[in-house]
Amino acid sequence: MNTSDYISSGILESYILDQLTEQERADVKLMAMTHPEIQAELIAIEKTLEQYAIDNAKEPASYLKDKIAAQLQFNEPVESTAALRKKVIPMFWLVAASIALLLSIGYNFFLYDELTNVENELVTSDVDKQYFAGQFEIQKNAYDDAKKHLAIIAQNGNKTVILKGLENAPNAIASIYWNQSSKEVYLNVSEIPMPPADKQYQLWAIVNGKPVDAGIFDLTDNINTMVLQKMKPIADAQAFAITLEKKGGTKVPTLNAMYLLGNV
Amino acid sequence: MQKSTKNYTEEELVALLKSKNANSYSLLYDNYSAALFGVISKVVSAEEIAEDILQDVFVKIWKNIEHYDASKGRLFTWMLNIARNASIDYSRSKQSKMDGKLRDLEHSKYEVNKQSSAQSNTDFIGVKEQVAKLKEDYRVLIDLLYFEGYTQEDAAKELNIPLGTVKTRVRAAIVKLRETLK
């Protein structure tokens, strides 16, 4: 909704007339803070109603003003200096002015100090702001990734293949999301031992009894996080397997280093 | 009506009021007593009771002026809320049972308006009257919502018109007011 639609929707009038729910009030406040023209419209509405009230004014009986004043607590007005002025001699003023000047200089230093403090605080709060903006960006990216991954998993025509750990790693488990029409293969590893630094896991498609390279992959520190890795496209396969190979992968899998296997 | 505030911005006036000296009270009273008394009188018709409420309202304003927060709205809106709530509290309290009956009678004038509204759709009434009629409908609606603190639902019931109509009329009414008050 653009601002003029928002203004003509009538919500601002309802806001001033206190007709909104807490949530709606908060929304209007936010809109007013971010859109000066909405803030201006709110003030205009308030002033209109104020003027309307003034037009509907009714003069109360004149004695009420003093009657009310008698019920109020007043602070003393600031003492007039006129009485003092007559008594003092010019020399007094010279000294007073000098003292005032000194005090003023001192006060200026104090103010300057305060200003520096405030500036520092401003910088700190700016740093905080940047930090939170960064955190927000990270969370947003994670959320976007998760959404993307969910969309990939939920794709029509997907085949899910569960790969289970063999003797080498009985607890290992991974899933393949394989779209047979687009040939795309995505891998999600739930549990697998961390490989030594000089080794990498490699995925294979078993096509008519022969292993076809489906790409190598790395593990993130926390493999429990939902990570989908796009592998090489595969047109046809009866099974998928994962082996542990030297860094960069091999052309032919090392069969005794097979870690996971799953039939399509 | 706004007498001496011409020389003060609202911020200055608020700062003065917060100093709580006798001059600032005088300024406050001269500028706003009639408008606030007008609001109170819309809800409470008995003159002396309205006067009592006006006194309470000024005492409250005076005591609470420190809590007034300009970022939440204009000073007058804040004072009007105090006046309106005090009036509504009174009219709801037990001692106002009798007065309430008078109020019901008073409100029957809206009923009359509503009936005339049905007639005004005919060709017998000229455009000028229709405009006047519309203005009257608007005025009644704004009075209920703004002066008497009705919810839009209650106003719809009171005026016997759909809630949707109330909502669209509020915006139209204030736009119209803005034109006439300019």
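### A closer look at the overall build of chain A
Next up, step 1: Each helix and strand counted, chain A has seven helices and eight strands in total.
Next up, step 2: Counting all 264 residues of chain A, 31% fall into the buried class.
Next up, step 3: Residue pairs in contact within chain A that sit at least 24 positions apart in sequence constitute 57% of those at least 6 positions apart.
Next up, step 4: Of the accessible surface of chain A, which amounts to about 17,300 Å², a share of 59% is contributed by carbon and sulfur atoms.

### Considerations on the interface of chain B and chain A
Next up, step 1: Chain B puts 45 residues into the contact, and the matching count from chain A is 38 residues.
Next up, step 2: For the pairing of chain B and chain A, the buried interface totals around 4,100 Å² over both sides, and the portion due to carbon and sulfur atoms is 61%.
Next up, step 3: Residue B:Arg178 is joined to A:Glu41 by a salt bridge in which the shortest nitrogen-to-oxygen separation is 2.8 Å.
Next up, step 4: Counting every contact that joins chain B to chain A gives 20 residue pairs in polar contact (both at pLDDT 80 or more).

### Some thoughts on the pairing of strand 8 (residues 258–263) of chain A
All names here are of chain A.
Next up, step 1: Note: strand 1 (residues 158–165) against strand 8, two bridges, orientation antiparallel. Counted as the bridge partner of lysine 164 is leucine 261 from strand 8.
Next up, step 2: Pairing geometry for strand 7 (residues 239–246) and strand 8, over five bridges, is antiparallel. Note that in strand 8 the partner of threonine 243 across the bridge is methionine 258.

### Some remarks on the packing of aromatic side chains
Next up, step 1: In this structure the tally under the stated criterion is 14 aromatic pairs over all chains.
Next up, step 2: On the basis of an interplanar angle of 70° and a centroid distance of 5.5 Å, the ring pair of A:Phe74 and B:Trp62 is categorised as edge-to-face. Here A:Phe74 is found in the loop between helix 5 (64–69) and helix 6 (82–87), whereas its partner B:Trp62 is found in helix 3 (residues 47–64) on a different chain.
Next up, step 3: On the basis of relative accessibility, which here comes to 3%, the residue B:Trp62 falls in the buried class.
Next up, step 4: Ring geometry for A:Trp178 against A:Phe240: centres 5.6 Å apart, planes inclined by 80°, an arrangement best described as edge-to-face. Highlighted residues: A:Trp178 in strand 2 (residues 173–179) and A:Phe240 in strand 7, separated in sequence by 62 residues.
Next up, step 5: The exposure class assigned to A:Trp178 is buried, which follows from its relative accessible area of 0%.
Next up, step 6: Taking the relative accessible area as the measure of exposure, A:Phe240 reaches 0% and is therefore buried.

### Some words on the environment of B:Ile40
Residue and element names in this part refer to chain B.
Next up, step 1: Tracing the backbone through its elements, the reader meets isoleucine 40 in helix 2 (residues 22–43).
Next up, step 2: Taking C-alpha positions, isoleucine 40 is 8.2 Å from alanine 86, a pair spaced 46 residues apart along the chain.
Next up, step 3: What isoleucine 40 contacts, discounting residues up to four positions off in sequence, is Ala50, Ile53, Leu54, Val57, Ala83 and Ser87.

### Observations regarding the pattern of salt bridges
Next up, step 1: For the coordinates displayed, the defined rule picks out 15 salt bridges over all chains.
Next up, step 2: Residue A:Glu41 pairs with B:Arg171 through a salt bridge whose shortest N-O separation is 3.3 Å. Residue A:Glu41 is located in helix 4 (residues 36–55), and its partner B:Arg171 is located in helix 8 (residues 163–181); the two belong to separate chains.
Next up, step 3: Since its relative accessible area comes to 12%, A:Glu41 is described here as buried.

### With respect to the nonpolar core
Next up, step 1: Judged by nonpolar contacts, the single largest core of 73 residues is most densely connected at B:Leu36, B:Leu75 and B:Tyr146.
Next up, step 2: The element contributing the most residues to this core is helix 2 of chain B, with eleven residues.
Next up, step 3: In this structure, A:Leu163, A:Ile192, A:Ala214 and A:Met231 belong to the second largest nonpolar core, which totals 26 residues.

### Examining the environment of A:Glu13
Next up, step 1: Tracing the backbone through its elements, the reader meets A:Glu13 in helix 2 (residues 11–16).
Next up, step 2: Not counting the four nearest positions on each side in its chain, A:Glu13 is found in contact with A:Ile7, A:Ile45, B:Val170, B:Arg171 and B:Ile174.

Parameters at a glance
Residues numbered from 1 in each chain as written. Chains lettered and ligands numbered in written order. Predicted model: local features only at pLDDT ≥ 70, side-chain atom pairs only at ≥ 80, totals over all residues. Heavy atoms only, no water. Helix = DSSP H or I, 4+ residues; strand = E, 2+ residues; numbered from the N terminus. Buried < 20%, exposed > 50% of the residue type's maximum accessible area, 1.4 Å probe, protein only. Contact = heavy atoms within 4.5 Å. Areas by Shrake-Rupley, 256 points an atom, 1.4 Å probe, with all protein chains shown as cover. Buried area = accessible area lost by both parts, 1.4 Å probe. Salt bridge = Lys/Arg side-chain N within 4 Å of Asp/Glu carboxyl O. Polar contact = N/O pair within 3.5 Å; in protein donor to acceptor, adjacent residues only side chain to side chain. Pairing = 2+ DSSP bridges. Phe/Tyr/Trp six-rings, centres within 6.5 Å; stacked < 30°, edge-to-face > 60°. Core = buried A, V, L, I, M, F, W, Y, C linked by side-chain atoms within 4.5 Å.

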